[in-house]
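Breakdown of the fold
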Amino acid sequence: CGQLISLFAYAKSEIMIGERIASARTRAGLTQAQLAELVGVSQTSLSRWESGEMSLNAKRLEKLATALEVSIDWLVRGDHLPSVPTVEGAGEVRS
């Protein structure tokens with residue numbers, strides 16, 4: 001039973017991260033295709049992240065946060081609502 005609850009909590013957290021990605025992407029004025037290109041993944045992968053169907057690794061999470069001008073903490077935990085990024089500043093992934 002404990003394992004089932006743990007799996008449910010994990011799945012729920014993936015969905016919540018996905019909802020925050022979608023919200024930040026929309027606020028930045030980017031389409032899934034545009035954000036996917038900025039992060040270096042397919043639009044299908046981005047869609048699966050947003051729906052909670054697929055997990056992110058740390059590298060992709062960092063690229064998403066940078067492209068969306070939000071903190072990793074906000075993407076993962078929802079801490080501190082990000083300011084609204086400008087379309088001009090959104091998507092500039094710095095190496």
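Residues numbered from 1 in each chain as written. Predicted model: local features only at pLDDT ≥ 70, side-chain atom pairs only at ≥ 80, totals over all residues. Heavy atoms only, no water.

Notes on the overall build of the protein
Under the convention used in this document: Here a helix means four or more residues in a row that DSSP labels H or I, a strand means two or more in a row labelled E, and each is numbered from the N terminus. Each residue is placed in one exposure class: buried if its accessible area under a 1.4 Å probe, protein chains only, is under 20% of its type's maximum, exposed if it is over 50%, and partly exposed if it falls in between. Whether two residues are in contact is decided by their heavy atoms, any of which lying within 4.5 Å being enough. To be clear on the numbers: accessible area is Shrake-Rupley with a 1.4 Å probe, and residue cover counts the displayed protein chains and nothing else.
Along its length, the protein carries five helices and zero strands. For the protein, the succession of helices and strands along the chain, N to C, is α-α-α-α-α. Taking all 95 residues of the protein together, the buried fraction comes to 35%. Taking contacts inside the protein between residues at least 6 apart in sequence as the whole, the part at least 24 apart equals 56%. In the structure as shown, the protein presents an accessible area of about 5,900 Å², 55% of it carried by carbon and sulfur atoms.

Overview of the environment of Gln32
Heads up, the rule is: Pairs of N or O atoms are called polar contacts if they sit within 3.5 Å, as long as, within protein, a hydrogen donor faces a hydrogen acceptor (for residues adjacent in sequence, only side-chain-to-side-chain pairs).
Along the chain, Gln32 falls in helix 2 (residues 32–39). Along the sequence, Gln32 and Ser45 sit 13 residues apart, while their C-alpha atoms lie 9.6 Å from each other. Apart from the residues lying within four places of it in its own chain, the contact partners of Gln32 are Arg25, Gln43, Leu46, Ser47 and Glu50. At a separation of 2.4 Å, a polar atom in the side chain of Gln32 contacts the side chain of Gln43.

Structural notes on the side chain of Arg25
Structurally, Arg25 can be placed in helix 1 (residues 2–27). When residues no more than four places from it in sequence are discounted, the contact partners of Arg25 are Leu30, Thr31, Gln32, Leu35, Leu46, Glu50 and Leu68.

Some remarks on the packing of helix 2 against helix 3 (residues 43–51)
The following threshold applies: For helices, the fitted axis covers only the stretch in contact; all axes are lines through C-alpha atoms, and the angles between them, taken along N-to-C directions, range from 0 to 180 degrees. The labels follow the angle: roughly parallel below 35 degrees, roughly antiparallel above 145, roughly perpendicular from 65 to 115, and oblique for the rest. Under the grouping applied here, Gly and all other residues not named as nonpolar or charged are polar, the nonpolar ones being Ala, Val, Leu, Ile, Met, Phe, Trp, Tyr, Cys and Pro and the charged ones Asp, Glu, Lys and Arg.
Closest axis-to-axis distance for the helix 2/helix 3 pair is 8 Å, and the angle between their directions is 105 degrees. As judged from the angle between their axes, helix 2 and helix 3 are roughly perpendicular. For the pair helix 2 and helix 3, the contacting residues are Gln32, Ala33, Leu35, Ala36 and Val39 in the first and Gln43, Leu46, Ser47, Trp49 and Glu50 in the second. Taken together, the residues of the contact of helix 2 with helix 3 sort by class into six nonpolar, three polar and one charged.

Observations concerning helix 3
To be explicit about the condition: Here, the arc refers to the directions that run from the helix axis to the C-beta atoms.
Residues of helix 3 that are buried: Ser45, Leu46, Trp49 and Glu50. Seen end-on, helix 3 carries its buried residues on one side only, within an arc spanning 135 degrees.

Considerations on the pattern of salt bridges
Worth spelling out the cut-off: Salt bridge, as used here: a side-chain nitrogen of Lys or Arg that lies within 4 Å of a carboxyl oxygen of Asp or Glu.
Under the criterion given, the structure shown has three salt bridges. For the salt bridge of Glu50 with Arg25, the shortest nitrogen-to-oxygen distance reads 2.6 Å. Here Glu50, found in helix 3, pairs with Arg25, found in helix 1; they are 25 residues apart in sequence, far enough to count as distant. Given the relative accessible area of 11%, Glu50 is considered buried. Ionic pairing is found between Arg48 and Glu53, a salt bridge with its closest N-O pair at 3.8 Å. Relative accessible area serves as the criterion here: at 56%, Glu53 is assigned to the exposed category.

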